[in-house]
Amino acid sequence: MAWLKLKVSDLLSFIFLFLLIFDLKIFGSVGSAVLVFFGCFIYILANPKIIIEKSKRVISAFDYFLIAYLFLILFVLLRLMFSGGDDISYLLTMIKSTSILLAMFSYLLVFYDDNILEKIVNVFFVNGIFCLFFGTFYEYKPLITVFQYGEEVFGLIGDSEYRTAFLAGSGYFGISSLYSVAFAIALYVTSNKPTILNFIKILVIAIAGVLAGRVALVCYFLCIAFFSIRKMSLIYLLGGLFFFCIGYYLLNNVDYFYNANAWIMEMFGGKIEESNSIMDLKTMFFIPETTTLLLGDGKYGGMDTYYGGTDVGYMRNLLFGGAFYMFLVVIVSFLLVYKVKSNFIILVIFFIALFLHFKAVFLINNPGFFGLFGLVVFYFYNKKKYFMETR
């Protein structure tokens, strides 16, 4: 019975983690992270004594961040009040982010264990399998599109079915950015436990991330470079080259990947600066009027149209609350990882987060940002705390 209870607990932990990170659409704008929060909250109410001790450590890991995050929310409310509240889209986005943050805390209190990094790799691996299946046999995609926000965008280069073939609330950059971070985590896990199964997982994660968005490929190169320098070993570069060759072979020799191949290779077909994505980015960076630069306009835009015609994360923060708010978002994000800032893998994924924010909104307001980063940060904080207590 104890064995069965443990297996059920592991299964629930996996399912709740999947629902937390990928935030599947349940109804309207309500995502599966809300279900995680209420499910864990019920358990917490039933077991208050067990949770109290855990909550002390969770609060200790994020105390600086929580204070700064409350200030961030206050700034958002004041900025909207001064702008007349004509555009509340950013407030709705903050409510969404806050609900996922609360779900992440509740998950830590109920399900956290020292295998959390392996579990994170597993959920991304499983969703990578979903991507490969539903992207290849796209006639079955209606089974998962009911859990996705918005509508599929057509007319893009390659029109790849794989970009929205994930069992997740978002696709495209929203999911590709998370896979970029997951690759760094998988690389860390595999470097500590180099098994055949882990190599298969990291290969599937790498392929799925690139199929969702080309920005992931750049992040992979950055991860491999950082690990090679940190470990003073060429094994990561050689391994990266090996996986790149496998991916290149699959794209050019498997018929199912034909459209994805046209889209990915467009990035390298000519000069890098002539890539459609690079050319789009060039038009999205601009210096606004002085008043906007200092105070912002209190506008953000919804899913279909972005205020100012830019989807660059830093620009959208600036247009909403000015330069101060843009830097505030970065500072609050840094305080999330502050307690473990000296950890190598934390620095790598935080650098990747800063890079991704150049492409589109990632810091704070990406649905998976808190769910993924919070769990990783707490793992290393808990590990550091245990080491200090047992010295």
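Treat the numbers as computed from the prediction; the structure is a model and nothing was measured. (Residues numbered from 1 in each chain as written. Predicted model: local features only at pLDDT ≥ 70, side-chain atom pairs only at ≥ 80, totals over all residues. Heavy atoms only, no water.)

Draft legend 1. A look at the overall build of the protein. Scanning the protein from terminus to terminus reveals 16 helices and 2 strands. Across the 391 residues that make up the protein, the buried fraction comes to 49%. The contacts in the protein between residues at least 6 apart in sequence include a share of 74% that link residues at least 24 apart. About 19,200 Å² of surface is accessible on the protein, with carbon and sulfur atoms providing 71% of the total. (Helix = DSSP H or I, 4+ residues; strand = E, 2+ residues; numbered from the N terminus. Buried < 20%, exposed > 50% of the residue type's maximum accessible area, 1.4 Å probe, protein only. Contact = heavy atoms within 4.5 Å. Areas by Shrake-Rupley, 256 points an atom, 1.4 Å probe, with all protein chains shown as cover.)

Draft legend 2. Main features of the packing of helix α3 (residues 48-82) against helix α14 (residues 313-337). Between α3 and α14, the least distance of the axes is 9 Å, while the angle of their chain directions is 160 degrees. Between α3 and α14, the angle is such that the two are roughly antiparallel. Every pair of crossing elements has a handedness; the one defined by α3 and α14 is left-handed. For the pair α3 and α14, contact is made by Phe 62, Tyr 64, Phe 65, Ala 68, Tyr 69, Phe 71, Leu 72, Phe 75, Val 76, Arg 79 and Leu 80 and by Phe 320, Gly 321, Phe 324, Tyr 325, Leu 328, Val 329, Val 332, Leu 335 and Leu 336, respectively. (Axes fitted to C-alpha atoms, helices over the stretch in contact; angles between N-to-C directions. Parallel < 35°, antiparallel > 145°, perpendicular 65-115°, else oblique. Left-handed = near helix turned anticlockwise from the far one by under 90°.)

Draft legend 3. Spotlight on the nonpolar core. Phe 22, Phe 62, Leu 117, Ile 120, Phe 124 and Tyr 325 are the most contacted members of the largest nonpolar core, which has 113 residues in total. The greatest single-element share of this core, amounting to 13 residues, is contributed by helix α7 (residues 173-192). Those residues in contact with Phe 124, other than ones at most four positions away along the chain, are Ile 21, Phe 22, Leu 178, Tyr 179, Ala 182, Ile 205 and Leu 372. Core analysis: the next-biggest nonpolar cluster, separate from the first, contains 6 residues, Tyr 314, Met 315, Leu 319 and Met 326 among them. (Core = buried A, V, L, I, M, F, W, Y, C linked by side-chain atoms within 4.5 Å.)

Draft legend 4. Representation of the environment of Ile 26 within the structure. In this structure, Ile 26 sits in strand β1 (residues 25-27). Along the backbone, Ile 26 and Val 146 are 120 residues apart, and their C-alpha atoms lie at a distance of 8.4 Å. Sequence-distant contacts of Ile 26, that is, excluding residues within four places in its chain, are made with Gly 31, Ser 32 and Leu 35.

Draft legend 5. Fine view of a nonpolar patch on the surface. Taken together, the side chains of Phe 71, Leu 74, Leu 78, Met 81, Phe 82 and Phe 324 define a hydrophobic patch exposed on the protein surface, amounting to about 660 Å² of accessible area. Of all the elements, α3 adds the most residues to the nonpolar patch, at 5 residues. (Patch = residues over 30% accessible without salt bridge, like charges linked within 9 Å, V, L, I, M, F, W, Y side chains within 5 Å. Salt bridge = Lys/Arg side-chain N within 4 Å of Asp/Glu carboxyl O.)

Draft legend 6. Local environment of the packing of helix α5 (residues 116-136) against α7. Contact geometry for α5 and α7: axes closest at 9 Å, N-to-C directions at 130 degrees. When the axis of α5 is compared with that of α7, the two are oblique. Where α5 crosses over α7, the handedness of that crossing is left-handed. For the pair α5 and α7, the contacting residues are Leu 117, Glu 118, Ile 120, Val 121, Phe 124, Asn 127 and Gly 128 in the first and Leu 178, Tyr 179, Ala 182, Ile 185, Ala 186, Tyr 188 and Val 189 in the second.

Draft legend 7. Representation of the confidence of the model for the protein in the model. With 79% of its residues at a pLDDT of at least 70, the protein reaches an overall mean of 82. Across the protein, α5 holds the top mean pLDDT of 94, while helix α11 (residues 258-265) sits lowest at 55. Long-range and interchain partners of residues 386-391, a stretch whose pLDDT sits below 50, account for 1 contact in this model, where long-range means more than four residues apart. (pLDDT = per-residue confidence, 0-100.)

Draft legend 8. Here's a closer look at unusual backbone geometry. Backbone geometry places Asp 23, a non-glycine residue, at a positive phi of 40 degrees. Its location among the elements puts Asp 23 in the loop between α1 (2-22) and β1.

Draft legend 9. Quick look at the pattern of salt bridges. All told, the structure shown has 4 salt bridges when counted by the stated rule. Among the ionic pairs, Asp 23 bridges to Lys 96, the shortest N-O distance being 2.7 Å. Of this pair, Asp 23 sits in the loop between α1 and β1 while Lys 96 sits in helix α4 (residues 89-111), placing them 73 residues apart in sequence. Asp 23 gets classed as buried once you look at its relative accessible area, which sits at 2%. Between Asp 113 and Lys 119 there is a salt bridge; the shortest N-O distance is 2.6 Å. Judged by its relative accessible area of 12%, Lys 119 is buried.

Draft legend 10. Inspection of the state of the cysteines at higher detail. Here the structure, examined in full by the defined rule, presents 0 disulfides. In this model Cys 223 remains outside any disulfide bridge; the closest cysteine sulfur is found in Cys 219, 6.8 Å from its own. Taking relative accessible area as the criterion, Cys 223 reaches 0% and is therefore assigned buried. (Disulfide = S-S within 2.5 Å.)

Draft legend 11. Quick look at the environment of Tyr 179. Residue position: Tyr 179 is located in helix α7. Classification of Tyr 179 by relative accessible area gives buried; the value is 0%. Note: C-alpha distance between Tyr 179 and Ala 216 (37 residues apart in sequence) is 7.1 Å. Apart from the residues within four sequence positions on either side, Tyr 179 is in contact with Phe 22, Phe 124, Asn 127, Gly 128, Phe 166, Ile 205, Ala 208, Gly 209 and Tyr 220.

Draft legend 12. Summary view of the packing of aromatic side chains. Applying the stated criterion to the full structure yields 40 aromatic pairs. Measuring from ring centre to ring centre gives 4.8 Å for Phe 18 and Phe 22, while their planes differ by 55 degrees; the resulting arrangement is tilted. In this pair, Phe 18 and Phe 22 are both assigned in helix α1, 4 residues apart and thus about one turn of the helix distant. You'll find Phe 18 and Phe 22 in the same group, each marked buried. Stacked on the ring of Tyr 64, the Lys or Arg Lys 339 has its end atom at 4.8 Å from the ring centre. Against the face of Tyr 338 rests Lys 341, its NZ or CZ located 4.1 Å from the ring centre. (Phe/Tyr/Trp six-rings, centres within 6.5 Å; stacked < 30°, edge-to-face > 60°. Lys NZ or Arg CZ within 6 Å of the ring centre and 35° of its normal.)

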